[in-house]
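Working through the structure, step by step
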Amino acid sequence: MDVIYNLIQITLGSMTILLVVALGGLLSERSGVTNIALEGIMIFGAFLGIWAIQGFEVYPYSPMTKFAILIVTFSIGLIVGYFILQLIRKFLLKKEEPMKIKDLFLKESSKFNLLFILGVALIIGLILFFILSANPMSVSLVLLMGLAVAGVTGGLYAMVHGYAAIHLKSNQIISATALNLFAPALAIFTRRVITQGGQQIKFDSNFIIQKVPLLGDIPVIGDLFFKRVYLSFYVGLVILLIVAFVVKKTKFGLRLRACGENPHAADSLGINIYKLRFKAVALSGVLAGMGGVMFVTTFSNEFNVTVAGFGFLAIAVLIFGNWRPSRILLAALFFGFMRTIASSYSSIGFLRDLALPGQIYDMIPYVATLVVLMFASKNSRAPKALGQVYDQGKR
Amino acid sequence: MKNMLNKFIIAIKPSLIAVAFGLFVGLIIMLAFNPMEAFPALITLLLGGFNGGLQGIGNTLYMAAPIILSGLAVAFAFKTGLFNIGASGQMMVGAYVAVHIGVLWNVTGLLHWIVALLLGGLAGLIWGLIPGLLKAFRNVNEVIASIMMNYIASFLLIMLINQNVIQELRAEARIVQRSAVLPSLSFLFPGSTINIGIVLTIIIVILVHILIHKTTLGFQLRASGFSMDGSKYAGMNTKRNIVVAMALSGLFAGLGGAIMFLTFGKALPADGVIFAEGFDGISVALLGLGEPIGALFAGLFLSNIRMGGYYLQSFVFVPQIVDMIVAIIIYMTAISITVQALFKRYGEQIKAWKINRKKKGDEA
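Residues numbered from 1 in each chain as written. Chains lettered and ligands numbered in written order. Predicted model: local features only at pLDDT ≥ 70, side-chain atom pairs only at ≥ 80, totals over all residues.

Further remarks concern the interface of chain A and chain B. Listed by partner, the interface residues are 35 residues for chain A and 35 residues for chain B. Sorting the residues of the side of chain A that touches chain B by element identifies α7 (172-195), α13 (310-320) and α16 (358-376) of chain A as the ones contributing at least two each. No other element matches the 13 residues that α7 of chain A contributes to the side of chain A that touches chain B. (Contact = placed C-beta atoms within 7 Å. Helix = DSSP H or I, 4+ residues; strand = E, 2+ residues; numbered from the N terminus.)

Residues and elements named next belong to chain A. Relative to the assigned elements, Ile208 resides in strand β2 (residues 208-211). On the basis of neighbour counts, which here come to 16 C-beta atoms within 10 Å, the residue Ile208 falls in the partly exposed class. Counting along the chain gives 63 residues from Ile208 to Met145, while the straight-line C-alpha distance between them is 16 Å. Setting aside anything within four residues of it in sequence, one finds Ile208 in contact with Arg228 and Tyr230. (Buried ≥ 20, exposed ≤ 12 C-beta atoms within 10 Å, placed from the backbone.)

Residue and element names in this part refer to chain B. The geometry of helix α2 (residues 35-47) relative to helix α12 (residues 292-310) is characterised by a closest axis approach of 6 Å and an angle of 135° between their N-to-C directions. The angle between α2 and α12 places the two elements in the oblique class. For the pair α2 and α12, contact is made by Thr44, Leu45, Leu46 and Leu47 and by Ile305, Gly308 and Gly309, respectively. Tallied by class, residues from the contact of α2 with α12 come to four nonpolar, three polar and no charged. (Axes fitted to C-alpha atoms, helices over the stretch in contact; angles between N-to-C directions. Parallel < 35°, antiparallel > 145°, perpendicular 65-115°, else oblique. Nonpolar A, V, L, I, M, F, W, Y, C, P; charged D, E, K, R; others polar.)

Let us now look at helix α12 (residues 273-299) of chain A. The terminal C-alpha atoms of α12 of chain A lie 39 Å apart, and with 27 residues this matches the ideal 39 Å at 1.5 Å per residue to within 8%. Summarising burial for α12 of chain A: 22 of the 27 residues are buried, a large majority. (Expected span 1.5 Å × (residues − 1).)

Another point: the confidence of the model for chain B. Summing up the model confidence of chain B, the mean pLDDT is 86 and the portion of residues at 70 or higher is 99%. The ipTM value of the predicted complex is 0.85, and its pTM value is 0.88. (pLDDT = per-residue confidence, 0-100.)

On to the nonpolar core, then. Among the nonpolar cores identified, the biggest contains 234 residues, and Leu18 and Val317 of chain A together with Leu262 of chain B are the most heavily contacted of them. Broken down by element, this core gets its largest block of residues, 16 residues, from helix α3 (residues 53-79) of chain B. A domain split of this core shows at least three residues from each of domain 1 (2-46 + 140-381) and domain 2 (60-135) of chain A. Beyond its immediate chain neighbours, meaning those up to four positions away, Leu262 of chain B contacts Ala98, Gly102, Trp113, Ala116, Leu117, Val176, Ala180, Val181 and Leu182 of chain B. (Core = buried A, V, L, I, M, F, W, Y, C linked by C-beta atoms within 7 Å. Domains from an automatic or database assignment.)

What follows concerns unusual backbone geometry. Residues and elements named next belong to chain A. With a phi close to 55°, Val305 is a non-glycine residue in the positive phi region. With respect to the secondary-structure elements, Val305 resides in the loop between β4 (302-303) and α13. C-beta crowding within 10 Å serves as the criterion here: with 18 such atoms nearby, Val305 is assigned to the partly exposed category. With phi around 60°, Trp323 is a residue other than glycine that occupies positive phi space. Residue position: Trp323 is located in the loop between α13 and α14 (325-344). On the neighbour-count criterion, Trp323 (21 C-beta atoms within 10 Å) is buried.

Residues and elements named next belong to chain A. Taken domain by domain, chain A comprises domain 1 (2-46 + 140-381) and domain 2 (60-135). Using only C-alpha atoms to locate each centre, domain 1 and domain 2 end up separated by 29 Å. Contact with domain 1, which involves four residues of that partner, is made by four residues of domain 2. In terms of residue class, the side of domain 1 that touches domain 2 is built from four nonpolar, no polar and no charged.

All names here are of chain B. Between helix α5 (residues 111-138) and helix α10 (residues 238-261), whose axes approach to 6 Å, the crossing angle comes to 150°. For the crossing formed where α5 meets α10, the hand is right-handed. Taken together, the residues of the contact of α5 with α10 sort by class into 20 nonpolar, nine polar and two charged. (Left-handed = near helix turned anticlockwise from the far one by under 90°.)

Below you can see the structure in the form of structure tokens.
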């Protein structure tokens, strides 16, 4: 019985990574931009994220670590500031009588709005920074901070792809390939030149939660989902809920889908396609970067400039999941299971007795991907404008 | 004649800009890490094989052959509108089959290396055929399919080497027999490992150029590349074209892999690392503007700076700087069309502004 629980836990670990990265791919592809760069973004996110985690483990923090904390808190501030601004605008829209402040806030793309967000971000960022850097962080917080660093890096890195693919009208696959090549090279180069030694980044924390209080006591379910699970599992579920909600229920999601199906029609209704796609690609980078850190923290205790093709597997998950969040969850579970068989066949009795070479099992996830794609691709409902460069002049 | 030269310069301009920009960013990265050594390191990189005299040049040419062939493979698939990112996997199976035959088979005389080379190419063809078939008949994205084939090839390689041709106490294959080694050309470049691989490569490049530009098949492949629907409407068998393009693309990559390891004293490692030469092929094809002849020159350039990467050992930098430069070059080629248009537009604006200023000056 323990073996089965163990296998399920490993499966959930792989599933989380694939799920998060595939959801990133979903955001980008639903807006009409293919993102083969997920693999490279994962490596880049994992590189800086794990480096940051290594820093967070040592207290008192070095200046570089403090800088990383500041970046994270400032980013959190930006997000909070954005939402506060939206709330204020909503509130002001309801008011009938004219006010001076109303003009300030409601004018589209005014400098005041930008300043407002930056100001809020600065205040919140500094407050959070002093709270966080005053004490050593708990293990869970270290992981969350690492994820945040990876998210910021991944987002920025994906913008490079987005800028080329959306604004400069490049071939989306080629610019993404360049990103895939650049990330591992930069990681190895930076580490080797700075440390004049190996390229690995080790960390000591163990991010497995032994038991969630109360919920862990439920029979079966408690054993499955609330004992010895990775923290990233819960983060992944939260991300799934958020992405599913955003894509299906919000204005942004509706526009995103329209943009991927028929950008010209969406543009004629006043949506800025370039801006929207750029946002979508950046968000997909955020999720992919987080996925990179999740990969390293789940499977090993050091970053060794690889994510074992999970970025590409995630794209297969996305295609198999038919570009829908709920189906992606199932697809990720399937691929996670395949991957688990590959990595831990020696603990499964009858597979060990077959005495096949281990590489056969290593191949399973990739062969399964091909077989699954063979059946899933014929009837796939890819976004109609996927991979096409949007040119406003063609309308 | 002058017209042709002009055309040629216009054609290669984006590649030259991309290369220059890539080197420039590489220099900036090196300056950021170590300002003292950046410039000498860049010069070492650019000199590449020439650092080592005749021997270095010979080794550069030896290294160029597989890179050019994988670039040719990618460029060939590009012509049909397909992106063969699986050249690495095709090279790996090609290399394995060639090594397998070179180590285990007993064929007499000249035939041995020819058989090994051809069957290596055939293995690559089969490896490229699979994504081609999947794309043509099941609409599977060829990029994902060939990436998966890369991973499968890397695990297959470990397994087969372990089962058949493993060298005792080492994670690599045994070296091939003397009769399976490609004839050496080291009398031209003393001390280097150069063999007739580069000559074969040049011949293949010329043959492919003729195939693409002078035959019916080549025309059909290019037509499918321009417009899948259009060529279908014109009565061409687009599905067959996709399969043929991917299979031939795999053949070239497989030959490249075979050439790489039918060399004296070079052992095929069983570490599961996917061949970097296959990804170099992408940059070579892009830099060479998707043309076979272009791939030849781009491949020579790339293997030269890769060679330069090995000579970097006397500096603090590591050869990965070459990968970064290559990545930036690829990025620049991807955006070159728009960037050129921008240059042109700003150029015209500046011109118009100058004329305006002159006019105003005249009036005043």
